[in-house]
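Architecture and fold: a report
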Amino acid sequence: MSRTKPAPEEAAKDLPPVPPLTRNGYVRNARTIRQIANHQGKAPADIRAIARIRDEADPRWLAAETLVFFMRRADQAGDDRTRNALFAELTERCKGFFASQIRGFTPDRREDIAQEVMTKLVALIFAEDDRGDFAQVAFWSLLEARTLTAVERARAQGRRYESLDEPVSADGESRMSNLERLEAPGLQSDDLTMISEGLAQLDPHLRQVFLMRHQLGMAVGKENRADEDPADPSIAFHFNVSARTVGKWLTKAETQLATYRKA
Amino acid sequence: MSQFSPITVEDVLDQFVAEFPEPTRDGLLTYIARYPQHREALVSFAATALEQRSLPPAEAFSHEQATRFAGRAASALENYLFGRDQARSAPAAASRSASSLSELAAAAGTSLALVAERLSLDMGLTSKLDRRLIRAETIPRRLVEGLAEHLGSTAEIVSQVLRGPARMSPAPSFMIIRSASIPVEETFTEAVAASTLPDAAKEMWTNAA
């Protein structure tokens, strides 16, 4: 699977034109255009055979975006055999992605999330309108975006704020004040490595809040909501809670991570 | 990109990942500035992306899991194609007989609130559309298509539903006026202007009209 963006190249010359995409002004990259143009005159059996090539160094290898184009074309032509063969190949290529990218869930839940994403992907790829056009622009980005959305939904289902809002100790209160005073809360990759085990043990919501603060650099929150800047939202603004509540969440996260920082 | 294109939240997130494979503060603020109507979705999404990256990679699928995954994906394709064939041969009865957007939403197993969020509408505007309080000929085609997409229907059916007589809010049975019809005066642009949408979303829909 190739997740890197191909370098900009000139569009294929002297090759048959490729039907343009219509959604949001999307344009396929030069590699995809060249692959489509090179193969669109080939017989379905040849396309099916080429699609099975997994070695990216092979000049006949087809990117996922190109597979999507030929899958849609086969579907529109009523060529079920080619459509199903190309879809099976794409599914095979997606396995590795789902196995490594859905983290922090039980194996069963991970399979369910992967299934949910595949179901939506099918609806996009074979949609009769242009809603799936981005799959021919940047397939792996689309798959990642849809997977993260599914992960977000799965997290929201199990989210529980109440237990996180309990009062913190006096020590925690002082640490909270320190957190709020932090002006440049960026975490270096070394810091992240050091506490990665601890992060994995954190409640998913606390983990998110901690990373919003320390990796996205979001402010804890303003005392007065009217002072918030929607163009640069704080964590409190995003969750629609007080800055004090966010401070408590961060204190809990810090307290639990402290052991790993010292280790 | 067409300035008249009401971009969906999914479109925005796809582009965000493609442009910023690693979520950063700069990337997030850039996208919030570009799509302020999707601010909450962008923040949640970036936080989830970071959260996933902070966790150790999961183990590869076992042979059994991989086989099951491939089988379930093939079933997803079969189910989709079966549903599409059914819809082509006879448009879903529920969708066809629906007389309002909320009935279409119920038939599609979704809610108008969710559809409104996906299309950058507010509930006031969506409610007016549902009750046909906006002059149908002023409703942009892109909105009709967007509604059809999210309601699992067709643009023709949605157009038909939007063109019916205005509906009053449900009223108690003891009220005599419950079936009275009311004149529809408001245009889509006026309804957008009167809505609580953020300025960027108002501008987008006003341009689309």
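These numbers come from a predicted model, not from an experiment. (Residues numbered from 1 in each chain as written. Chains lettered and ligands numbered in written order. Predicted model: local features only at pLDDT ≥ 70, side-chain atom pairs only at ≥ 80, totals over all residues.)

Topic: the overall build of chain A
As a reminder of what qualifies: A run of H or I in DSSP becomes a helix once it reaches four residues, and a run of E becomes a strand once it reaches two; helices and strands are each numbered from the N terminus. Residues are called buried when their C-beta atom has 20 or more other C-beta atoms within 10 Å, exposed when it has 12 or fewer, and partly exposed otherwise; all C-beta atoms are positioned from the backbone. Once C-beta atoms are placed from the backbone, any two residues with those atoms within 7 Å are in contact.
When its secondary structure is counted, chain A shows 11 helices and 0 strands. Expressed as a percentage of the 263 residues in chain A, the buried residues total 40%. Long-range pairs, those at least 24 residues apart, make up 63% of the contacts in chain A between residues at least 6 apart in sequence.

What about the nonpolar core?
Put simply, the rule reads: Only buried Ala, Val, Leu, Ile, Met, Phe, Trp, Tyr and Cys residues enter a nonpolar core, and they are joined through C-beta atoms within 7 Å.
Ranked by internal contacts, the top residues of the largest apolar core, which has 85 residues, are Leu67(A), Leu86(A), Val209(A), Leu42(B) and Ala46(B). A per-element tally of this core places helix H6 (residues 139-157) of chain A first, with 9 residues. Once you skip the residues sitting within four places of it in the chain, Val209(A) turns out to touch Ile235(A), Val246(A), Trp249(A), Leu250(A) and Ala253(A). Membership of the second largest hydrophobic core comes to 30 residues, among which are Ala98(B), Ala105(B), Leu143(B) and Met204(B).

Notes on the confidence of the model for chain A
Condition: A score between 0 and 100, pLDDT records how confident the predictor is in each residue.
Averaged over all residues, the pLDDT of chain A is 84; the fraction at 70 or higher stands at 81%. Scored below 50 in pLDDT, residues 6-12 of chain A shows 12 contacts in the model against residues more than four places distant or in partner chains.

Here we look at the interface of chain B and chain A
Condition: Residues are grouped as follows: nonpolar covers Ala, Val, Leu, Ile, Met, Phe, Trp, Tyr, Cys and Pro; charged covers Asp, Glu, Lys and Arg; every other residue, Gly included, is treated as polar.
Across the contact, 46 residues belong to chain B and 52 residues belong to chain A. Going through the elements one at a time, helix H1 (9-19), helix H2 (25-34), helix H3 (39-54) and helix H4 (63-89) of chain B are the ones with two or more residues in the side of chain B that touches chain A. The greatest single-element share of the side of chain B that touches chain A, amounting to 13 residues, is contributed by H3(B). Counted by class, the side of chain B that touches chain A contains 30 nonpolar, 7 polar and 9 charged residues.

Side note on the environment of Thr138(B)
All names here are of chain B. Among the structural elements, Thr138 can be located in the loop between helix H8 (123-130) and helix H9 (141-150). Between the C-alpha atoms of Thr138 and Phe188, which are 50 residues apart in sequence, the distance is 5.5 Å. When sequence neighbours within four positions are dropped, the list of residues in contact with Thr138 reads Thr187, Phe188, Thr189 and Ala209.

Quick word on the packing of H2(B) against H3(B)
Residues and elements named next belong to chain B. How we decide: In this analysis, axes come from line fits to C-alpha atoms, helices being fitted only over the stretch in contact, and the angle between any two N-to-C directions falls in the range 0 to 180 degrees. Here the word oblique covers every angle except those under 35 degrees (roughly parallel), over 145 (roughly antiparallel) and from 65 to 115 (roughly perpendicular). For any helix crossing, the convention is left-handed if the near helix is rotated counterclockwise from the far helix by under a right angle, and right-handed if that rotation is clockwise.
Orientation of H2 relative to H3, taken along the N-to-C sense of each, is 160°, at an axis distance of 9 Å. In terms of axis orientation, H2 runs roughly antiparallel to H3. Seen from above, H2 lies across H3 with right-handed handedness. Where H2 abuts H3, its residues Leu28, Tyr31 and Ile32 lie against Arg39, Leu42, Val43 and Ala46. Grouping the constituent residues of the contact of H2 with H3 by class yields 6 nonpolar, no polar and 1 charged.

Considerations on helix H2 (residues 44-51) of chain A
All names here are of chain A. Going by this rule: The arc in question is the one traced by the directions running from the helix axis out to the C-beta atoms.
Restricting attention to buried positions, one finds in H2 the residues Ile47, Arg48, Ile50 and Ala51. The buried residues of H2 occupy an angular sector of 165° when the element is viewed end-on, so they sit on one face. Exposed and oriented more than 90 degrees from the buried face of H2 are Ala45 and Asp46. In this structure, the buried residues of H2 make contact with helix H1 (30-39), helix H3 (64-76) and helix H4 (80-101).

A word on unusual backbone geometry
Residue and element names in this part refer to chain A. Its identity is not glycine, yet Asn240 carries a phi of approximately 60°, on the positive side. Looking at the element boundaries, Asn240 is found in the loop between helix H10 (235-239) and helix H11 (243-262). Accessibility expressed as a C-beta count within 10 Å gives 9 for Asn240, which makes it exposed.

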